[in-house]
Amino acid sequence: MKYLFLSAIAALTVSCNSAQNSTQANSTKTLNRVDYANTITAEELKTHLYIFAGDAMEGRMTGTKGQKLAAEYLRNFYMDAGIASPIEENNYYQIIPASYFERMKEPKASENVVAFIKGSEKPEEVIVLSAHYDHVGTDKNGVVYNGADDDGSGTVALLEIAEAFQQAVKDGNGPKRSILFLHVAGEEIGLWGSKYYTDNPIFPLENTVTNLNIDMIGRIDPDKKDNPNYIYIIGSNMLSEELHELAFEVNEAYGDLELDEKYNSQDDPNRFYYRSDHYNFAKNNIPVIFYFNGVHEDYHRPTDTPDKIEYPLMTKRTRLIFQTAWEIANREDRITADKL
């Protein structure tokens, strides 16, 4: 019953939350959050993903040449887009020493890739948007595991979201709170990149408002083939009922997807809540949402390739995540962990 009530008020609640919907500097045209969301297109997502999940990246195993090439691709994107590094000028790498990967047989140093948009009114409050950019590499015969869905889809979605926010900044309509775009390595071998970040945060964890984590948003779960207009959300109500309700309000006003909570439980036998990078933030009492399309027949197989991605659906999902981040960044009050 709660969501019937939320549906009735969602458009009013979300649309009225701040003046950022209406102003654009030095232009005769007024742009709003929907216009910025619409800069996220299937064509651009596809262009990025065919490169990022191509054979040249060699499956992006942490510490390998392919992972380094992938990191370089991300860094170059942010530099070209004029989105700053939070570390120092032109240095987008948070270096993870080889010693940190103690469980690897032959550990090698790696890096998280980070970019930053500073908030206009509450810059000390930081929203972290994350996706892991590593995958499982190649097999002993050199066959590439491209990882287009896992997690090429989340990685390139993050690029498009960043570009949309940066356009808003250029128009004098940037977010009130700061946004950190965090591409983590080491997820496939134990969530190591996100653990390194939360152990060595660039911004204090107490100033981190929330983590929206994107891991596999380009495919359709076989169980949802008759109802593909969905995204699974996980963790949204574990620490913050406020964040959970906001997710549904934003979707009602701007998303038109089914927010499926099938796996949104600590008792889920698949243990998805514990299996992606949001969990290292949740362990530190930071409210999280994990966006996920579920597993499919190509999960962790060489057949997880860019040609199998559902690009229009992925675009809808990416725009929803952008809208959710926009709402959190611009609402008057900070999201809190109100269930601790």
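Residues numbered from 1 in each chain as written. Predicted model: local features only at pLDDT ≥ 70, side-chain atom pairs only at ≥ 80, totals over all residues. Heavy atoms only, no water.

(A) Geometry of the overall build of the protein chain. Looking only at helices and strands, one finds nine helices and eight strands in the protein chain. Computed over C-alpha atoms, the radius of gyration of the protein chain comes to 19 Å, within 12% of the 20 Å expected from 2.2 N^0.38 for 340 residues, which places it in the range of a compact globule. Dimensions of the protein chain along its principal axes, counting C-alpha atoms only, are 55 × 45 × 40 Å. Across the 340 residues in the protein chain, those meeting the buried criterion constitute 58%. Pairs at least 24 residues apart make up 80% of the contacts formed inside the protein chain by residues separated by at least 6 positions. (Helix = DSSP H or I, 4+ residues; strand = E, 2+ residues; numbered from the N terminus. Rg over C-alpha atoms; globule rule 2.2 N^0.38 Å. Buried < 20%, exposed > 50% of the residue type's maximum accessible area, 1.4 Å probe, protein only. Contact = heavy atoms within 4.5 Å.)

(B) Seen up close, the side chain of His 278. Relative to the helices and strands, His 278 resides in helix H8 (residues 278–282). Overall, His 278 belongs to the buried group, its relative accessible area being 0%. In contact with His 278, not counting residues within four places along its chain, are Asn 211, Asn 213, Phe 272, Tyr 273, Val 288 and Phe 290.

(C) Layout of the nonpolar core. Ranked by size, the top nonpolar core spans 67 residues in total, and within it Tyr 78, Leu 129, Ile 161, Phe 165, Phe 181 and Phe 322 carry the most contacts. When near neighbours in sequence (up to four residues on either side) are disregarded, Phe 165 contacts Ile 117, Pro 175, Ile 179, Phe 181, Phe 322, Ala 325 and Trp 326. Among the nonpolar cores identified, the runner-up in size contains 25 residues, and Val 128, Phe 203, Tyr 232 and Leu 239 belong to it. (Core = buried A, V, L, I, M, F, W, Y, C linked by side-chain atoms within 4.5 Å.)

(D) How the structure looks around the packing of aromatic side chains. Following the criterion strictly, the structure yields 23 aromatic pairs and no others. For the cation-ring pair, Arg 317 lies above Tyr 230, with the distance from its terminal atom to the ring centre recorded as 4.8 Å. (Phe/Tyr/Trp six-rings, centres within 6.5 Å; stacked < 30°, edge-to-face > 60°. Lys NZ or Arg CZ within 6 Å of the ring centre and 35° of its normal.)

(E) Looking closely at the pattern of salt bridges. On inspection of all chains with the given rule, the structure shows 13 salt bridges. Lys 339 serves as the salt-bridge partner of Glu 241, at 3.7 Å between the closest nitrogen and oxygen. One end of the pair, Glu 241, is in helix H7 (residues 241–255); the other, Lys 339, is in the segment after helix H9 (311–330), and 98 residues separate them in sequence. Through salt bridges with shared partners, one network takes in Arg 219, Glu 297, Asp 298 and Lys 308. (Salt bridge = Lys/Arg side-chain N within 4 Å of Asp/Glu carboxyl O.)

(F) Geometry of the environment of Thr 303. Relative to the helices and strands, Thr 303 is located in the loop between strand E8 (288–292) and H9. Counting along the chain gives 144 residues from Thr 303 to Leu 159, while the straight-line C-alpha distance between them is 24 Å. Beyond its immediate chain neighbours, meaning those up to four positions away, Thr 303 contacts Asp 298 and Lys 308.

(G) Just the pairing of E8, in detail. Buried residues dominate E8, accounting for five of its five residues. By the alternation rule, side chains of E8 split into Val 288, Phe 290 and Phe 292 and Ile 289 and Tyr 291, which are all buried. The pairing of strand E5 (residues 208–214) with E8 spans four bridges and is parallel. The residue bridging Asn 211 from the neighbouring strand is Val 288, located in E8. (Pairing = 2+ DSSP bridges.)

(H) Local environment of the side chain of Asn 280. Within the secondary structure layout, Asn 280 lies in helix H8. Within polar-contact distance, the side chain of Asn 280 engages the side chain of Lys 283 at 3.3 Å. Not counting residues within four places of it along the chain, the set of residues in contact with Asn 280 comprises Leu 191, Ser 194, Lys 195 and Thr 198. (Polar contact = N/O pair within 3.5 Å; in protein donor to acceptor, adjacent residues only side chain to side chain.)

(I) A look at the sheet that holds strand E1 (residues 93–96). Here we have eight strands laid out as an open sheet, ordered E1-E2-E4-E3-E5-E8-E6-E7, and mixed in their pairing. In this open sheet, the two strands that pair with only one neighbour each are E1 and strand E7 (258–260). The sheet shows a mean angle of 25° between the axes of neighbouring strands, direction not considered. Bridge count for strand E3 (residues 122–132) against E5 is five bridges, and the pairing is parallel. (Axes fitted to C-alpha atoms, helices over the stretch in contact; angles between N-to-C directions.)

(J) Molecular detail of the packing of helix H3 (residues 42–52) against helix H4 (residues 65–81). Relative orientation of the contacting elements H3 and H4 amounts to 150°, with a least axis distance of 11 Å. Comparing the axis directions of H3 and H4 gives the class roughly antiparallel. Packed against H3, whose contacting residues are His 48, Ile 51 and Phe 52, the element H4 presents Ala 70, Tyr 73, Leu 74 and Phe 77 at the interface. A class-by-class count of the residues in the contact of H3 with H4 yields six nonpolar, one polar and no charged. (Parallel < 35°, antiparallel > 145°, perpendicular 65-115°, else oblique. Nonpolar A, V, L, I, M, F, W, Y, C, P; charged D, E, K, R; others polar.)

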